[in-house]
Amino acid sequence: MLLGGELGGFKRCFSCLREQDLLSITGQSRAGTMVQWTDFERATIQDVFSKMDYESVGPETLSRCLIVYPWTQRYFGNFGNLYNAAAIMGNPLVAKHGKTILYSLERGVKNMDNLKDTYAELSVLHSEKLRVDPDNFKLISDCLTIVVASRMGNAFTGEVQAALHKFLAVVVSSLRRQYY
């Protein structure tokens, strides 16, 4: 099933974006010019993250990613038992890292005008030391969107989704920067 939305008057298929589409949507160029945020987008992103329960959303997001995309488990070999959904959801190391991911995103919320620099070190770490497939950043952002939508219910409108998606797309692009 494809997720779509209105963005700049154009319908987009969010699940099948190419890098060129991502750069166009986020307002970035290869030269690193950062995105322009509307007041609504800024307020929405700050509101979503201010109301988020990191202690439960983080673990649920990473657990969902490891369950739905089992090949991502290869990066967490030192986390112990990841053999089934129950083991993943009950794993304290998964929970801890899920919270770490959300706190890292919180840094981005506080630095929306400088996401490239905010995530420069993490990009190097994931690319050069951990050798994480950069496509996994998109997978975790998709899982976070699903968890947030489930928590917000009817308040998760198309406009909220578009703002969250844009923010996460820029974060993903910033994290992928070291790979290219």
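Keep in mind that this is a model prediction, so the values were computed, not measured.

Definitions and limits used
Every chain is numbered on its own, with residues counted from 1 as its sequence reads. Local features in a predicted model are, by the rule used here, given only for residues with pLDDT of at least 70; side-chain atom pairs are given and counted only at 80 or more, and totals for whole chains, interfaces and linings are based on all residues. Only hydrogens and water are set aside; all other atoms, that is, all heavy atoms of the structure, feed into the side-chain values. Here a strand is any run of E in DSSP of at least two residues, a helix any run of H or I of at least four, and the numbering for each starts at the N terminus. Type-normalised accessible area, obtained with a 1.4 Å probe on protein chains alone, sets the label of each residue: buried when under 20%, exposed when over 50%, and partly exposed for intermediate values. Note on definitions: a residue-residue contact is assigned when non-hydrogen atoms from the two residues lie within 4.5 Å. Only the protein chains shown count as cover for residues, and the accessible areas themselves come from Shrake-Rupley with a 1.4 Å probe. Salt bridges, as used here, are contacts in which a Lys or Arg side-chain nitrogen is within 4 Å of a carboxyl oxygen on Asp or Glu. Nine residue types can take part in a nonpolar core, namely buried Ala, Val, Leu, Ile, Met, Phe, Trp, Tyr and Cys, and a core is a set of them joined through side-chain atoms within 4.5 Å. Any helix carries an expected span of 1.5 Å times its number of residues minus one. We define a polar contact as two N or O atoms separated by no more than 3.5 Å, with the added condition that, inside protein, one atom must be a possible hydrogen donor and the other a possible acceptor, whereas residues neighbouring each other in sequence contribute only through side-chain atom pairs. Residues enter a patch when their relative accessible area is above 30% and they make no salt bridge; the linking distance is 9 Å between like charges and 5 Å between nonpolar side chains (Val, Leu, Ile, Met, Phe, Trp, Tyr). Residue-level confidence of the predictor is summarised by pLDDT, bounded by 0 at the bottom and 100 at the top. Angles here are taken between N-to-C directions and fall from 0 to 180 degrees, while the axes themselves are lines fitted to C-alpha atoms, restricted in helices to the stretch in contact. Angles below 35 degrees are treated as roughly parallel, those above 145 as roughly antiparallel, those between 65 and 115 as roughly perpendicular, and all remaining angles as oblique. Three residue categories are used. Nonpolar comprises Ala, Val, Leu, Ile, Met, Phe, Trp, Tyr, Cys and Pro, charged comprises Asp, Glu, Lys and Arg, and polar comprises the others, including Gly.

A. Broad picture of the overall build of the chain. Counting its regular elements, the chain contains nine helices and two strands. Relative to its full complement of 180 residues, the chain shows a buried share of 45%. A sequence separation of at least 24 residues applies to 68% of the contacts in the chain between residues at least 6 apart. Summed over all atoms, the accessible surface of the chain reaches about 9,900 Å², with 55% contributed by carbon and sulfur.

B. Main features of the pattern of salt bridges. Enumeration according to the criterion identifies six salt bridges in this entry. The partner of D142 in a salt bridge is K138, and the shortest N-O contact between them spans 2.7 Å. In this pair, D142 and K138 both sit in helix α8 (residues 135-152), four residues apart, roughly one turn of the helix. When its relative accessible area of 25% is taken as the criterion, D142 is described as partly exposed. Given the relative accessible area of 24%, K138 is considered partly exposed.

C. Highlighting the nonpolar core. Core analysis: the biggest nonpolar cluster contains 26 residues, and I45, F49, M52, L105 and F167 have the highest contact counts within it. For this core, the secondary-structure elements that each account for two or more residues are α2 (39-50), α3 (54-68), α5 (92-110), α8 and α9 (158-176). Ranked by residue count, the leading element in this core is α9, at nine residues.

D. Region of interest: α5. In this model, α5 (19 residues) spans 27 Å end to end at C-alpha, consistent with the 27 Å of a helix rising 1.5 Å per residue. Among the residues of α5, those classed as buried are V94, A95, G98, L102, S104, L105, G108 and V109. For α5, the N-terminal capping position is held by N91, with its side-chain oxygen 2.8 Å away from the main-chain nitrogen of L93.

E. Here's a closer look at a nonpolar patch on the surface. Together, I67, V68 and M89 make up a nonpolar patch on the protein surface, roughly 270 Å² of accessible area in all. With respect to the secondary-structure elements, V68 resides in helix α3. Judged by relative accessible area, which is 44%, V68 ranks as partly exposed.

F. Molecular detail of the environment of V147. Mapping V147 onto the fold places it in helix α8. On the basis of relative accessibility, which here comes to 0%, the residue V147 falls in the buried class. Remark: the alpha-carbon pair of V147 and T61, spanning 86 residues in sequence, is separated by 6.3 Å. Discounting chain neighbours no more than four positions away, the residues touching V147 are V57, E60, T61 and R64.

G. Just the confidence of the model for the chain, in detail. When pLDDT is averaged along the chain, the result is 80, and 71% of the positions lie at 70 or above. Low confidence marks residues 1-33, where pLDDT is under 50. Its contacts with residues over four positions away, or in another chain, come to 49 contacts.

H. Spatial organisation of the packing of α2 against α9. Running from N to C, α2 and α9 cross one another at 85°; their axes reach a closest spacing of 9 Å. Considering the angle they form, α2 stands roughly perpendicular to α9. Residues F40, E41, T44, I45, V48 and F49 of α2 touch α9, and the partners they reach there are E159, V160, A163, L164, K166 and F167. Along the lines of polarity and charge, the residues of the contact of α2 with α9 split into eight nonpolar, one polar and three charged.

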